[in-house]
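# Notes for the structure review
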Amino acid sequence: AGLKLLADLQIAAGEIKGVPFSGFNLQSNWQHNLLMVDTCQAKLAGGELDISAKIRLGAKRPLEIYEMNASWLKVNIAELKANNLTGIFDGYMTMKGPWPEVEAKGRLMAHKINYADYELGPMDASFQYQQHKLSFSGLRVKTKDKLRGSVEFKDEFRQINNLGVDFVNGGSISVQGK
């Protein structure tokens, strides 16, 4: 009973905010305010993106993510128009919760990573986003030092409130925003 919509969308190529993509394929269905994304795949920034999700659209909360899984392979960060940052990224994450209190966790691996004139990679880190705070652990950079730290955001990522990095073998960096 009730309305059920099935969608199968394919886009050969396009661009979102200056970032090219190709081979976009979306297979989803919607029933009883529940959106199921069975497949969402694309080639993006020289890499591959794959997403699946179960999302409820409702009256009490406009959007609630029951489960979202995303993975990306060989994404070239320079093609994402990130200022002064280059490198190749692989990783995955899972998300859940009501928007904007969504929670996420995952792993990010970077190869040949550079920021401005500084070589930072390779890098490997686990991350978690909870209560508008992004934290990472086990971050390894080329120097083989272990780092851990966190970033707090204000206004839904528009402003960094607090940035802290601790070197496991001693030393720390802390930046406070306004």
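As a reminder, the structure under discussion sits directly above these lines.
Just so it is clear, the structure is predicted and the values come from calculations on it, not from any experiment. (Residues numbered from 1 in each chain as written. Predicted model: local features only at pLDDT ≥ 70, side-chain atom pairs only at ≥ 80, totals over all residues. Heavy atoms only, no water.)

### Details of unusual backbone geometry
Positive phi outside glycine occurs at Ala-45, with the angle close to 50°. Within the secondary structure, Ala-45 sits in the loop between strand 3 (34-44) and strand 4 (47-56). Its identity as a non-glycine residue notwithstanding, His-132 has a phi of 60°, on the positive side. Mapped onto the elements of the fold, His-132 is located in the loop between strand 9 (123-130) and strand 10 (133-140). Assessed through its relative accessible area of 29%, His-132 is described here as partly exposed. (Helix = DSSP H or I, 4+ residues; strand = E, 2+ residues; numbered from the N terminus. Buried < 20%, exposed > 50% of the residue type's maximum accessible area, 1.4 Å probe, protein only.)

### Observations regarding the pattern of salt bridges
Taken as a whole, this structure holds one salt bridge when the rule is applied. The shortest N-O distance in the salt bridge between Glu-48 and Lys-43 comes to 3.5 Å. With a relative accessible area of 42%, Glu-48 lands in the partly exposed category. (Salt bridge = Lys/Arg side-chain N within 4 Å of Asp/Glu carboxyl O.)

### Brief notes about the environment of Gln-27
Looking at the element boundaries, Gln-27 is found in strand 2 (residues 19-31). Not counting chain neighbours up to four residues away, the residues in contact with Gln-27 comprise Ala-7, Asp-8, Met-36, Val-37, Asp-38 and Thr-39. (Contact = heavy atoms within 4.5 Å.)

Everything listed here is a matter of coordinates, which is why it stays silent on function.
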